[in-house]
Structures are given as C-alpha cells and as structure tokens.
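A structural walkthrough
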Amino acid sequence: MAIDFTAPVNSNTNANKAATGSKTQVDYQSFLKLLMAQMKNQDPTKPMESTEYVAQLATFSQVEQSVQMNARLDQILQSSALAQADALIGRNITSADGKTSGTVTEVRLAKDGVTAVLADGKTVAVVAGVKVKAAA
C-alpha cells in the first residue's frame, strides 16, 4: 500500500491558514511581539493598569490555546482522511462522469483532495458523485 501523504487534505481550514503564516492573521508570535512593544513604549507618567495587563494576558492565553487546538484538529482530519483513503484500496471505483473505472491499487492524499490510482495507471479524483463498490 503506497500512499503519497504530501499535504493537508483541506486547505481551507483555519489551522492550515495559521500554519501557512497568513499576513492578515495575528498568530502567537505576533501577539507576543505586540504585547512586548506595548509594554516597552508605554508612557511612564501614565502606565497601564494591572487589570489591562491581566486582560491582555488572558487574551494571549486564548490565542495560544486556539493555535494548539487548530493544530490538533488538523491532525485529526488528516488521520481521518488517511483511514478513509485506505478503505478504498482493493475496491472498484467509477469516476463522477462515468468515463473511468477500475480497481484501486493506490491512494494519494494531496492539497486538493484524494486521488485514487487504478490498476491500469489511470487516476480518479475522489469527489462527490464517485461510485465505490466492493471488488468482484
């Protein structure tokens, strides 16, 4: 069983957006740098109240937990996709347009989704409308 597991299955998840370093999204490191810059550049005659720091630290903690949770959810999604892809091997599959069919010998997981490789070397994108049957 050869599986090409090169990229996340669904590139639209928030975890993937955070992992790719989107410039429009504030991540863990950016938030820490922003907080440190704010502390360094505050007016000494009007320092921030301790309650404001506590609120910012609570926000910082929430950001950290969200990043960690998104990473774990992405791992769960990838594991689930891998398990589902493994179940296709040895089954007969027919493409959504009905033009390509055969027995699945290999499954590839890529950024754009799952692709089944048939015994004759043809590939079928596993999308809505694909028919999967038990091997004869």
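Residues numbered from 1 in each chain as written. Predicted model: local features only at pLDDT ≥ 70, side-chain atom pairs only at ≥ 80, totals over all residues. Heavy atoms only, no water.

For the rest of this paragraph, the subject is the overall build of the protein chain. When you go through the protein chain residue by residue, the secondary structure sums to three helices and six strands. Traced from its N-terminal end to its C-terminal end, the protein chain shows the element sequence β-α-α-α-β-β-β-β-β. Expressed as a percentage of the 136 residues in the protein chain, the buried residues total 21%. Sequence separation of at least 24 residues holds for 53% of the intrachain contacts in the protein chain that already meet a minimum separation of 6. Surface exposure of the protein chain reaches about 9400 Å², of which carbon and sulfur atoms provide 54%. (Helix = DSSP H or I, 4+ residues; strand = E, 2+ residues; numbered from the N terminus. Buried < 20%, exposed > 50% of the residue type's maximum accessible area, 1.4 Å probe, protein only. Contact = heavy atoms within 4.5 Å. Areas by Shrake-Rupley, 256 points an atom, 1.4 Å probe, with all protein chains shown as cover.)

In the sheet, strand β4 (residues 113-118) pairs with strand β5 (residues 123-126) via four bridges, with the strands oriented antiparallel. Paired with alanine 116 across the strands is valine 124, a residue of β5. Where β4 folds back onto β5 in an antiparallel hairpin, the turn is made up of four residues, including glycine 121, whose phi is positive at roughly 95°. (Pairing = 2+ DSSP bridges.)

Moving on, we come to the pairing of β4. Summarising burial for β4: five of the six residues are buried, a large majority. Both strand β3 (residues 101-110) and β4 contribute to a ladder of six bridges, which runs antiparallel. Paired with valine 104 across the two strands is leucine 118, which belongs to β4. From the end of β3 to the start of β4, which pair antiparallel, there are two residues.

A separate point is the nonpolar core. Within soluble globular proteins, side chains that are nonpolar tend to cluster in buried spots. In this structure, Ala85, Leu88, Ile93, Val104, Val107, Leu109, Val114, Ala116, Leu118, Val124 and Val130 together form the largest nonpolar core, which totals 11 residues. Put simply, the parts of the chain that give this core at least two residues each are β3 and β4. In this view, alanine 116 contacts Ile93, Val104, Glu106, Lys122, Thr123, Val124 and Val126; residues no more than four positions away in its chain are not counted. (Core = buried A, V, L, I, M, F, W, Y, C linked by side-chain atoms within 4.5 Å.)

With that settled, consider the environment of phenylalanine 31. Turning to its location among the elements, phenylalanine 31 is positioned in helix α2 (residues 28-40). For the pair phenylalanine 31 and threonine 59, spaced 28 residues apart in sequence, the C-alpha to C-alpha distance is 9.3 Å.

It is worth spelling out the confidence of the model for the protein chain at this point. Taken residue by residue, the protein chain gives an average pLDDT of 76. The fraction at 70 or more is 78%. The least confident element of the protein chain is strand β1 (residues 3-5), whose mean pLDDT is 43; the most confident is strand β2 (residues 92-94), at 91. Contacts of residues 1-24 to residues separated by more than four positions or lying in other chains number 39 contacts, the stretch itself having pLDDT below 50. (pLDDT = per-residue confidence, 0-100.)

Taken together, Leu32, Met36 and Met39 make up a surface patch of nonpolar side chains, about 230 Å² in accessible area. Considering the arrangement of structural elements, one finds leucine 32 in helix α2. The partly exposed category is assigned to leucine 32, whose relative accessible area is 30%. (Patch = residues over 30% accessible without salt bridge, like charges linked within 9 Å, V, L, I, M, F, W, Y side chains within 5 Å. Salt bridge = Lys/Arg side-chain N within 4 Å of Asp/Glu carboxyl O.)

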